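Given next are the chains, with one letter for each unit.
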Amino acid sequence: EDQVTQSPEALRLQEGESSSLNCSYTVSGLRGLFWYRQDPGKGPEFLFTLYSAGEEKEKERLKATLTKKESFLHITAPKPEDSATYLCAVTDYGQNFVFGPGTRLSVLP
Amino acid sequence: ETGVTQTPRHLVMGMTNKKSLKCEQHLGHNAMYWYKQSAKKPLELMFVYSLEERVENNSVPSRFSPECPNSSHLFLHLHTLQPEDSALYLCASSQDSSGMLNEQFFGPGTRLTVL
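Now for a description of the structure that goes with this document. (Residues numbered from 1 in each chain as written. Chains lettered and ligands numbered in written order. Predicted model: local features only at pLDDT ≥ 70, side-chain atom pairs only at ≥ 80, totals over all residues. Heavy atoms only, no water.)

Moving on to the interface of chain A and chain B. The interface is formed by 19 residues belonging to chain A together with 19 residues belonging to chain B. With both chains or domains summed, chain A and chain B bury close to 1500 Å², and 58% of this area falls on carbon and sulfur atoms. It is A:Gln95, A:Phe97 and A:Phe99 that lose the most area in chain A upon contact with chain B, and together they represent 33% of the buried surface on that side. Seen at the junction of chain A and chain B, the total is zero salt bridges. Our count for the chain A to chain B interface comes out at four residue pairs in polar contact (both at pLDDT 80 or more). When contributions to the side of chain A that touches chain B are tallied by element, the ones reaching two or more residues are β4 (30-38), β5 (45-50), β9 (84-92) and β10 (97-99) of chain A. (Contact = heavy atoms within 4.5 Å. Buried area = accessible area lost by both parts, 1.4 Å probe. Salt bridge = Lys/Arg side-chain N within 4 Å of Asp/Glu carboxyl O. Polar contact = N/O pair within 3.5 Å; in protein donor to acceptor, adjacent residues only side chain to side chain. Helix = DSSP H or I, 4+ residues; strand = E, 2+ residues; numbered from the N terminus.)

And the structure:
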């Protein structure tokens, strides 16, 4: 059974204080790993898809990386508008799709 | 309307009621999904439809009955629910269901409370 864990559960940063969020996964044949952002009262919003170990993708202040066991979402010089819950999900070759519990990020001005 | 819309946004129902949740996507996508998001639990995939055919049903109780009359509309019919079914129900769509690899676009969700 595919499993996804995320750490930390919650993270508070000062504006400009860079950090990383972790997503660890156990899956029988990773086909894709996804990062989504969810704001309160809204549905998740897609950020990245990673397919193989060593792959990296960037978008503004966010950079996602992937190894064979985990993925990191690096946030460089965050701003208050980056405050949200960040969700990681994986899919395998059996078309299972599993989300992690999320990391709740707060960026203080 | 743009993106994925869901109605109603909030719903309170008794355990003996029958109600339906509606989802509409305005993106020209061919796949639609229902998810359940409970407090303190990860998002759970419930159903996947591709070109109006159900392709995935993740062991969801029969008191939840999905319906996809066309590629733009998705319903979730609810009957004899339990209090533990109270949650945020999210609808999503994607270009197609291609092994779950495509970016999914989510609606805002329906907050369901079962009394």
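A separate point is the pairing of strand β2 (residues 10-13) of chain B. Residue and element names in this part refer to chain B. By the alternation rule, side chains of β2 split into Leu 11 and Met 13, which are all buried, and His 10 and Val 12, of which none is buried. Of the pairings in the sheet, the one linking β2 to strand β11 (residues 110-114) comprises four bridges and is parallel in character. In the strand pairing of β11, Val 12 is matched with Thr 113. (Buried < 20%, exposed > 50% of the residue type's maximum accessible area, 1.4 Å probe, protein only. Pairing = 2+ DSSP bridges.)

Attention shifts here to the sheet that holds strand β7 (residues 62-66) of chain A. Residue and element names in this part refer to chain A. The sheet built from five strands is open, its strands ordered β1-β3-β8-β7-β6 with antiparallel pairing. The open sheet terminates on both sides in strands that have one partner only, identified here as β1 (3-7) and β6 (56-59). Each strand axis lies, on average, 15° off the axis of its neighbour in the sheet, ignoring direction. In this sheet, strand β8 (residues 70-75) lies alongside β7 in antiparallel orientation, the contact comprising five bridges. Bridging across to β8, Thr 65 finds its partner in Phe 72. (Axes fitted to C-alpha atoms, helices over the stretch in contact; angles between N-to-C directions.)

The values are spatial; any link to function lies outside them.
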